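Each chain, written out:
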2 protein chains.
Amino acid sequence: MTAVLDSLAQGRQAIMPAMRAALERLDPTSRSIAYYHLGWTDLDGNPTDGGGKAVRPALALLSAEAAGAEPSVGLPGAVAVELVHNFSLLHDDLMDGDTERRHRPTVWAVRGAASAILTGDAMLSLAQEVLLDGDGPGAVAAARLLADATNELIRGQVLDVAFEQRNDVGLDECLDMAAGKTGALLSASTAIGAVLAGAPQPVVDALAGFGADLGLAFQLVDDVLGIWGEAAVTGKPVFSDLRARKKSLPVTYAITHGGALGRELAEWLARPEAPGEESVRHAAGLVEQAGGRKWALDEAYRRMAAGRQKLEDARIPDRAREELLSLAQFIVTREA
Amino acid sequence: MTAVLDSLAQGRQAIMPAMRAALERLDPTSRSIAYYHLGWTDLDGNPTDGGGKAVRPALALLSAEAAGAEPSVGLPGAVAVELVHNFSLLHDDLMDGDTERRHRPTVWAVRGAASAILTGDAMLSLAQEVLLDGDGPGAVAAARLLADATNELIRGQVLDVAFEQRNDVGLDECLDMAAGKTGALLSASTAIGAVLAGAPQPVVDALAGFGADLGLAFQLVDDVLGIWGEAAVTGKPVFSDLRARKKSLPVTYAITHGGALGRELAEWLARPEAPGEESVRHAAGLVEQAGGRKWALDEAYRRMAAGRQKLEDARIPDRAREELLSLAQFIVTREA
């Protein structure tokens, strides 16, 4: 635990100068909005202690180590995946109408839609610039990897938006959406350092596969927390995803595999009126009795095991493997 | 004239298969929205005759010819600049609240904000993928050029949004905004074919400079048409930019160089109430008497002359130079 937090703190420390240097290339307005969004400053530009955990950069640095290189080789990749992650948060918060992130007002809520759109656009474009500036052997391959992952990320988001209007979403579709929305960028994060280091394809593939498994495991647990998580952990009230009638993975499993209970749940989700507290609690019971919660947690465990196996089968230094596994465990279980 | 229209039609024809192949890589939803936005289909997916003039792709193909290469060498660049152009239109229409483009409803107006944001994001990311897929000597340099131009484009858009809230915009700032918003991508379009062809730096620089001049000349004339243009040419009612109290280039010149007339114009722009027809006509008179219209047209002429000179000083085949100049003239004067 402490080792993971140390490794995250070291990762954040290591990428800060490179992140700052990258953001220097933005126009002053976009840069100051990016600083606020990242939790580095308040709305007036005064430095703050905040900031995300920066798990993707930490994975990217470990990815370089997994290829036997210095962590610093992964630095442009660490910055680039963090930029793409934050591009997607800026646009998602706007599209979802979310007014808070990490207990602070979101950018669109305080600066308007145009600021969220343009700052997101600028961070996405900057991510490619950071990689293409590199002169190492893997710079171009890393840029390709990130562009592919970005397309996958957007595809997942498109499916997520489309699912809101549909009542017949299958479990495979739902897993495919999560693989795009959450898995693609985590997979790019765990692979990009090795790509920058010019690692052999089997090592890159193992790391990318591990990241994709990690992404799905994270999403499965996140969806369970979205229903049963305590506010202290999730920052949201209990049952919040059900209150928003989100067709998350446990809910979709319950509907498609839960027989009569699943049909009752599907009817509940299709009701036009907003559900009361008692009704939401009943729906959560339906998801649980229909096996949605158990399946999601079992499936998360299976994904983590599959990911671990990929790392164990690959020629990766033991220390880097251990750190990747510890960090993955931390990300999925959120033992913060 | 006919030659230019032929060249544009040929350019559109030449890039269609490559554009289609690129868009195949998008998820089906984003792809169908991109088809609609590009004017290739109606809202139900039925093919239509529409579509933009695709001047940027035509410039990119001529750019390869200017470097002594086959136009097809510029093809990935032609597709990429058209994708970035349309990414920016999708996001701009949403941010500006514009409900019509080319006499059809805009994407956000018919499919919602999320569709416009995500399809724009997908086209931006795809543009980089198209260039990085190339294996020619200039593919990476072209990807860098496009990422830089995209950052400049976004910077210009950020300034444009910021200027709406300010009453003290200087002429240099306004020219700098136009250089970003309009000049950067046209400059990338006129240079990217040569970059893909591996042309010597002086040729690339001359072409990039020519495109930047063309971009400013275009914006100056566009701003004049935004005030005095006939609806038949612009698709907008006469005085529309003044009615929206847009601080365009001729208006900013008039305010900053027009003495008492300029001050009267500035006061008019700062009034809180929406102006009546007579009042708008009076304001147009102020811009004209303060020299804003004449300056804008003179400055457009000077920029075009400067751009022409750059092409004449560079080692470029005569035919490519002539076609670039004809196309530039067409773009600026819109003799369609």
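Everything numeric in this text was worked out from a predicted model, so none of it was measured. (Residues numbered from 1 in each chain as written. Chains lettered and ligands numbered in written order. Predicted model: local features only at pLDDT ≥ 70, side-chain atom pairs only at ≥ 80, totals over all residues. Heavy atoms only, no water.)

1. Observations concerning the overall build of chain A
If you tally the helices and strands in chain A, you get 16 helices and 2 strands. On C-alpha atoms alone, chain A measures out to a radius of gyration of 20 Å, which is about the 20 Å that the 2.2 N^0.38 rule sets for 336 residues. Its C-alpha atoms give chain A principal-axis dimensions of roughly 60 × 50 × 35 Å. Residues classed as buried in chain A amount to 55% of the 336 residues present. At a minimum sequence separation of 6, the contacts of chain A that also span at least 24 residues come to 70%. Of the roughly 14000 Å² of accessible surface on chain A, a fraction of 52% belongs to carbon and sulfur atoms. (Helix = DSSP H or I, 4+ residues; strand = E, 2+ residues; numbered from the N terminus. Rg over C-alpha atoms; globule rule 2.2 N^0.38 Å. Buried < 20%, exposed > 50% of the residue type's maximum accessible area, 1.4 Å probe, protein only. Contact = heavy atoms within 4.5 Å. Areas by Shrake-Rupley, 256 points an atom, 1.4 Å probe, with all protein chains shown as cover.)

2. Some details on the interface of chain B and chain A
Tallying the contact residues gives 33 residues for chain B and 33 residues for chain A. There are 0 salt bridges connecting chain B and chain A. On the surface where chain B and chain A come into contact, there are 10 residue pairs in polar contact (both at pLDDT 80 or more). Contributing elements (two or more residues each) for the side of chain B that touches chain A: α2 (28-38), α4 (75-96), α6 (113-133) and α7 (139-163) of chain B. Its residues assigned to classes, the side of chain B that touches chain A shows 16 nonpolar, 9 polar and 8 charged. (Salt bridge = Lys/Arg side-chain N within 4 Å of Asp/Glu carboxyl O. Polar contact = N/O pair within 3.5 Å; in protein donor to acceptor, adjacent residues only side chain to side chain. Nonpolar A, V, L, I, M, F, W, Y, C, P; charged D, E, K, R; others polar.)

3. A word on the packing of aromatic side chains
The geometry of an aromatic ring pair is captured by the separation of the ring centres together with the interplanar angle, meaning the angle of the planes. Residue and element names in this part refer to chain A. Across all of its chains, the model carries 4 aromatic pairs over all chains by this definition. Taken together, a centroid distance of 5.0 Å and an interplanar angle of 70 degrees make the contact between Y35 and W40 edge-to-face. The same class applies to Y35 and to W40, which are both buried. Sitting over the ring of Y36, R104 keeps its end group 4.1 Å from the ring centre. (Phe/Tyr/Trp six-rings, centres within 6.5 Å; stacked < 30°, edge-to-face > 60°. Lys NZ or Arg CZ within 6 Å of the ring centre and 35° of its normal.)

4. Considerations on the side chain of Q157 of chain B
Position of Q157 of chain B among the secondary structure elements: in helix α7. In this structure Q157 of chain B touches L118 of chain A together with D92, M95, D96 and K181 of chain B, once residues within four positions along its chain are discounted.

5. Structural notes on the nonpolar core
Counting residues in each nonpolar core, the largest one holds 223 residues, and the members touching the most others are L23 of chain A together with L23 of chain B. Those residues in contact with L23 of chain A, other than ones at most four positions away along the chain, are R31, A34, Y35, L38, W40, L83, M123 and L126 of chain A. (Core = buried A, V, L, I, M, F, W, Y, C linked by side-chain atoms within 4.5 Å.)

6. A look at helix α16 (residues 318-333) of chain A
Residue and element names in this part refer to chain A. A rise of 1.5 Å per residue sets the reference length of α16, with its 16 residues, at 22 Å; its end C-alpha atoms lie 22 Å apart and thus fit the reference within 8%. Every buried residue of α16 is listed here: A320, R321, L324, L325, L327, A328, F330, I331 and V332. Contacts from the buried residues of α16 go to α1 (2-23), α3 (55-66), α9 (201-228) and α15 (292-313). Two residues or fewer past α16, R334 is found with a positive phi of approximately 50 degrees. (Expected span 1.5 Å × (residues − 1).)

7. A short note on the pattern of salt bridges
Residues and elements named next belong to chain B. Scanning the model with the defined rule gives 36 salt bridges over all chains in all. Ionic pairing is found between E299 and R303, a salt bridge with its closest N-O pair at 3.0 Å. Here the residue E299 and the residue R303 both occupy positions in helix α15 (residues 292-313), the gap between them amounting to 4 residues, near one helical turn. A residue is classified by how much of its surface remains accessible, and E299, at 12% relative accessible area, is buried. On the accessibility criterion, R303 (22% relative accessible area) is partly exposed.

8. Description of the relation of the copies chain B and chain A
With an RMSD of 0.0 Å, the operation that places chain B on chain A is a rotation of 180 degrees combined with a shift of 0.0 Å along the axis. When the rotation and shift are considered jointly, the pair of chain copies conforms to a two-fold rotation axis. (Least-squares fit on C-alpha atoms with pLDDT ≥ 70 in both.)

9. What to know about helix α1 (residues 2-23) of chain B
All names here are of chain B. A rise of 1.5 Å per residue sets the reference length of α1, with its 22 residues, at 32 Å; its end C-alpha atoms lie 30 Å apart and thus fit the reference within 8%. By the largest-angle criterion, M16 marks the main kink of α1, which is about 40 degrees, and a proline, P17, follows within four residues. Considered for burial, the residues of α1 that qualify are V4, S7, L8, G11, I15, M19, A22 and L23. On the buried face of α1, the contacting elements are α2, α3 (55-66), α4, α6 and α16 (318-333). (Bend = angle between axes of the 7 residues up to and from the residue.)

10. Re the environment of D49 of chain A
Residues and elements named next belong to chain A. Within the fold, D49 resides in the loop between α2 (28-38) and α3. A relative accessible area of 82% places D49 in the exposed class. Between the alpha carbons of D49 and G285 there is a distance of 40 Å; along the sequence they are 236 residues apart.

11. Quick look at the packing of α15 of chain A against α16 of chain A
Residue and element names in this part refer to chain A. The N-to-C vectors of α15 and α16 enclose an angle of 165 degrees; their axes lie 11 Å apart at closest approach. Between α15 and α16, the crossing angle belongs to the class labelled roughly antiparallel. Note on packing geometry: the crossing formed by α15 with α16 is right-handed. Contacts between α15 and α16 involve M304, R308, L311 and E312 on the former and, on the latter, R321, L324, L325, A328, Q329 and V332. Of the residues contributing to the contact of α15 with α16, the split by class is 6 nonpolar, 1 polar and 3 charged. (Axes fitted to C-alpha atoms, helices over the stretch in contact; angles between N-to-C directions. Parallel < 35°, antiparallel > 145°, perpendicular 65-115°, else oblique. Left-handed = near helix turned anticlockwise from the far one by under 90°.)

12. Points about the packing of helix α7 (residues 139-163) of chain A against α6 of chain B
Axis separation between α7 of chain A and α6 of chain B bottoms out at 9 Å; the angle between their running directions is 155 degrees. The orientation of α7 of chain A with respect to α6 of chain B, classified from their angle, is roughly antiparallel. Between α7 of chain A and α6 of chain B the crossing geometry is left-handed. When α7 of chain A is examined against α6 of chain B, the residues V140, A143, R144, A147, D148, T150, N151, I154, Q157, V158 and V161 of chain A are found in contact with a partner set consisting of A114, L118, D121, A122, S125, L126, E129, L132 and D133 of chain B. Among the residues making up the contact of α7 of chain A with α6 of chain B, the classes are represented as 11 nonpolar, 4 polar and 5 charged.

13. Notes on the confidence of the model for chain A
Here chain A averages 93 in pLDDT, while 98% of its residues score no lower than 70. Taking the mean pLDDT of every element in chain A, the minimum, 66, falls on helix α10 (residues 231-234) of chain A and the maximum, 98, on helix α8 (residues 171-196) of chain A. (pLDDT = per-residue confidence, 0-100.)

14. Comments concerning the side chain of D92 of chain B
Residue and element names in this part refer to chain B. Examined against the element boundaries, D92 turns out to sit in helix α4. Despite its burial, D92 pairs with no opposite charge; the closest candidate is K181, at 4.8 Å N-O. For D92, the side chain forms a polar contact with the side chain of Q157, separated by 3.4 Å. Sequence-distant contacts of D92, defined by excluding residues within four places in its chain, comprise Q157 and K181. (Lys, Arg positive; Asp, Glu negative; His and termini not counted.)

15. Thoughts on unusual backbone geometry
All names here are of chain B. Phi at R102 is positive, roughly 45 degrees, even though this residue is not glycine. With respect to the element layout, R102 can be found in the loop between β1 (100-101) and β2 (104-105). Note on R102: relative accessible area 39%, which makes it partly exposed.

16. Details of the environment of L145 of chain A
Residues and elements named next belong to chain A. Tracing the sequence through the fold places L145 in helix α7. Here L145 falls in the partly exposed class, since its relative accessible area comes to 24%. Each C-alpha atom of the pair L145 and K181 lies 16 Å from the other, and the pair is 36 residues apart in sequence. Those residues in contact with L145 that lie beyond four places of it in its chain are A188, A191, I192 and V195.

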